[in-house]
Number of protein chains: 2
Amino acid sequence: MKTLVIVSHPDIEKSNTQQFLKASAATLSQVAWHHLDVNLPFDVPAEQHAIQAADRIVFQFPLYWYMAPASLHQWLTEVWLKQFVYDAHGGLLRGKSLGLVVSFSQPEAAYQLGGKVGFSLSQFLTPYVALAEKTSLDLLAPLTISQFANQTDMAHQQLLVRYQQYLTLVHPDDPDEQAQWYIDRLQANPETSILADQLAAQTDEIDRLRLTLHELKAGESE
Amino acid sequence: MKTLVIVSHPDIEKSNTQQFLKASAATLSQVAWHHLDVNLPFDVPAEQHAIQAADRIVFQFPLYWYMAPASLHQWLTEVWLKQFVYDAHGGLLRGKSLGLVVSFSQPEAAYQLGGKVGFSLSQFLTPYVALAEKTSLDLLAPLTISQFANQTDMAHQQLLVRYQQYLTLVHPDDPDEQAQWYIDRLQANPETSILADQLAAQTDEIDRLRLTLHELKAGESE
């Protein structure tokens, strides 16, 4: 699966979040990292070609006044031209998925009724839901990054894993795909391949137990 | 009342809507028209001074992919700096109002559940609600302009009136302020001043009837 990460950030060198994400994605051979703010003016045919070649497109940005920074909007205006992304029969990007990697400086809990912000991220991101529907993209649940600078090293490690999975797994939220992702990583290293075998055996065992449970339930309802 | 109209449009010369609005605002002495796209890079202190001097700030833009074009976002990022618009005690723009003049190429009815777009304008504009709350601006109901090119001359005339009222009335949706707006305009012209007197008399009569009705209702509930 090829993934195109569209990064919108006007001051990326000073963003620890973006530098961390960039380093996290650097080892992934099927992932292209594309920072919009240094690619102005846009080469529209090249941008459209990169979109066509990708199976997943990820919009990655910090929230500025509850919205993406300017460069993502400019890119959408210049590159996501009507004739390129939809026609009378529907969206022309069918079969691809759209991910959103959104960072912000408030705690997650601020984004809800009665929270400090008072609105949910889902409310702020509604335009992307409409955009995905119009172009027939499968929208993934956003990967949110709250107060990166205040996070522990452990949380940063977890973010690295979540992010790599978000960019490479067909269903990033699927526990089986997540387990397989760990197994692949452990097997690639001779020192951890035994751990990988153990994890794979456990995963198989979980699958067997699930099947048994499923059969028992099926029996109940007969 | 001083109004600052912040216009975001990357191709304004070709926009009949924006040219019409510009002409409609041209005669209003207390209204400053500020087209962002030709003022790059922004002179931040001058921009902030203009905001300070205004009683009403209006964000005016077409919807591109259900959001404002890039220049409004860039302006917000560079000009609406935290220390300028809010502090620990709340928003620093208290006492001013925020208007939204939003144009789009779909019919109004597309922006609802089950409509062609499937989401409401209120959903798409949620970031501006949060922005107004954060800065203590009073948010006005948006003035929406749907399919300007397909509108009749009569509809264009009505838009001119609605727009001028939106930029100049303290409460643009208030029928009394709207009536007074007509009276002021008619009185300014010797040929229509008699009409103005008639309209003013009718408005007074409506006020008297309202008062009578109010007293009757108050009597009922005693």
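Computed from a prediction, not measured in an experiment: that's the story for all the values here.

S.K.: Tell me what's going on with the packing of helix H1 (residues 16-25) of chain A against helix H7 (residues 153-168) of chain A, and back it up with residues and numbers.
M.R.: Residue and element names in this part refer to chain A. Where H1 meets H7, the axes come as close as 10 Å, and the angle between the chain directions of the two elements is 60 degrees. On the basis of the axis angle, H1 is oblique to H7. In the packing of H1 onto H7, the handedness of the crossing is right-handed. Listed contacts from H7 to Phe20, Leu21, Ser24 and Ala25 of H1 are His156, Leu159, Leu160, Tyr163, Gln164 and Leu167. In terms of residue class, the contact of H1 with H7 is built from seven nonpolar, three polar and no charged.

S.K.: So what's going on with the nonpolar core? Which residues, and what values?
M.R.: Residues A:Phe59, A:Trp75, A:Trp80, B:Phe59, B:Trp75 and B:Trp80 are the most contacted members of the largest nonpolar core, which totals 77 residues. Here B:Trp75 is in contact with B:Ile6, B:Leu36, B:Phe42, B:Glu47, B:Ile51, B:Phe59 and B:Trp80, once residues within four sequence places are set aside.

S.K.: An account of the relation of the copies chain B and chain A is requested, with residue identities and associated values reported.
M.R.: For the pair of chain copies, the relating operation is a rotation around an axis with a shift along it. Mapping chain B onto chain A is achieved by rotating through 180 degrees and translating by 0.0 Å along the same axis, at an RMSD of 0.0 Å. The two molecules are tied by a two-fold rotation axis, judged by turn and shift. No C-alpha of chain B approaches the rotation axis more nearly than that of B:Ala70, which lies at 2.2 Å. A shared binding surface is used by both copies, with 100% of the interface residues of chain B retained as interface residues in chain A.

S.K.: Quick one: what's the story with the domain arrangement of chain A, residue by residue and with numbers?
M.R.: Interface size is commonly expressed as the accessible area that is lost once the parts come together. Residue and element names in this part refer to chain A. The domain boundaries assigned to chain A delineate domain 1 (1-171) and domain 2 (173-221). Taking the mean C-alpha position of each, domain 1 and domain 2 sit 30 Å from one another. The interface of domain 1 with domain 2 comprises nine residues on the first partner and seven residues on the second. Taking both partners together, domain 1 and domain 2 bury about 680 Å²; carbon and sulfur atoms supply 49% of that area. For the domain 1 face of the interface with domain 2, the top three residues by lost area are Gln165, Leu169 and His171, together amounting to 60%. Counting across the domain 1 and domain 2 interface gives zero salt bridges. Taken together, the links from domain 1 to domain 2 amount to four residue pairs in polar contact (both at pLDDT 80 or more). When the residues that make up the side of domain 1 that touches domain 2 are grouped by side-chain class, the tally is five nonpolar, four polar and no charged.

S.K.: Explain the pattern of salt bridges residue by residue, including any values.
M.R.: Residues and elements named next belong to chain A. What the rule picks out here adds up to eight salt bridges over all chains. Linking Lys14 and Asp11 is a salt bridge whose minimum nitrogen-to-oxygen distance equals 4.0 Å. Classification of Asp11 by relative accessible area gives partly exposed; the value is 37%. Linking Arg208 and Glu205 is a salt bridge whose minimum nitrogen-to-oxygen distance equals 2.8 Å.

S.K.: Tell me about helix H2 (residues 44-53) of chain A, and please be specific about residues and values.
M.R.: Residue and element names in this part refer to chain A. Along H2, the positions that sit buried rather than exposed are Glu47, Gln48 and Ile51. Down the axis of H2, the sector holding all buried residues measures 95 degrees, keeping them to one side. H2 presents Pro45 and His49 as exposed residues on the side facing more than 90 degrees away from its buried surface. Against the buried residues of H2 lie strand S1 (3-7), strand S2 (31-35), strand S3 (56-62), helix H3 (70-79) and helix H4 (82-85).

S.K.: Summarise the side chain of A:His156; cite the residues concerned and give the values.
M.R.: Along the chain, A:His156 turns up in helix H7. Not counting residues up to four positions away in its chain, the partners in contact with A:His156 are A:Phe20, A:Phe148 and A:Gln151.

S.K.: Before we move on, can you summarise the packing of aromatic side chains with the specific residues and values?
M.R.: The relative placement of two aromatic rings is captured by the distance of their centres and the angle of their planes. On inspection of all chains with the given rule, the structure shows 28 aromatic pairs over all chains. Centroid distance B:Phe20 to B:Phe148: 5.2 Å. Interplanar angle 50 degrees. Geometry classified as tilted. In this pair, B:Phe20 sits in helix H1 (residues 16-25) while B:Phe148 sits in the loop between strand S8 (143-146) and helix H7 (153-168), placing the two residues 128 residues apart along the sequence. One exposure class covers both B:Phe20 and B:Phe148, and it is buried. Site record: aromatic cluster; members linked through ring pairs are A:Phe59, A:Phe61, A:Trp75, A:Trp80, A:Tyr86, A:Tyr128, B:Trp65, B:Tyr66, B:Phe104, B:Tyr111, B:Phe119 and B:Phe124. A cation over an aromatic ring shows up here: A:Lys134 above the ring of A:Tyr86, its NZ or CZ 4.4 Å from the ring centre.

Thresholds, definitions, all that
Residues numbered from 1 in each chain as written. Chains lettered and ligands numbered in written order. Predicted model: local features only at pLDDT ≥ 70, side-chain atom pairs only at ≥ 80, totals over all residues. Heavy atoms only, no water. Axes fitted to C-alpha atoms, helices over the stretch in contact; angles between N-to-C directions. Helix = DSSP H or I, 4+ residues; strand = E, 2+ residues; numbered from the N terminus. Parallel < 35°, antiparallel > 145°, perpendicular 65-115°, else oblique. Left-handed = near helix turned anticlockwise from the far one by under 90°. Contact = heavy atoms within 4.5 Å. Nonpolar A, V, L, I, M, F, W, Y, C, P; charged D, E, K, R; others polar. Core = buried A, V, L, I, M, F, W, Y, C linked by side-chain atoms within 4.5 Å. Buried < 20%, exposed > 50% of the residue type's maximum accessible area, 1.4 Å probe, protein only. Least-squares fit on C-alpha atoms with pLDDT ≥ 70 in both. Domains from an automatic or database assignment. Buried area = accessible area lost by both parts, 1.4 Å probe. Salt bridge = Lys/Arg side-chain N within 4 Å of Asp/Glu carboxyl O. Polar contact = N/O pair within 3.5 Å; in protein donor to acceptor, adjacent residues only side chain to side chain. Arc of directions from axis to C-beta. Phe/Tyr/Trp six-rings, centres within 6.5 Å; stacked < 30°, edge-to-face > 60°. Lys NZ or Arg CZ within 6 Å of the ring centre and 35° of its normal.

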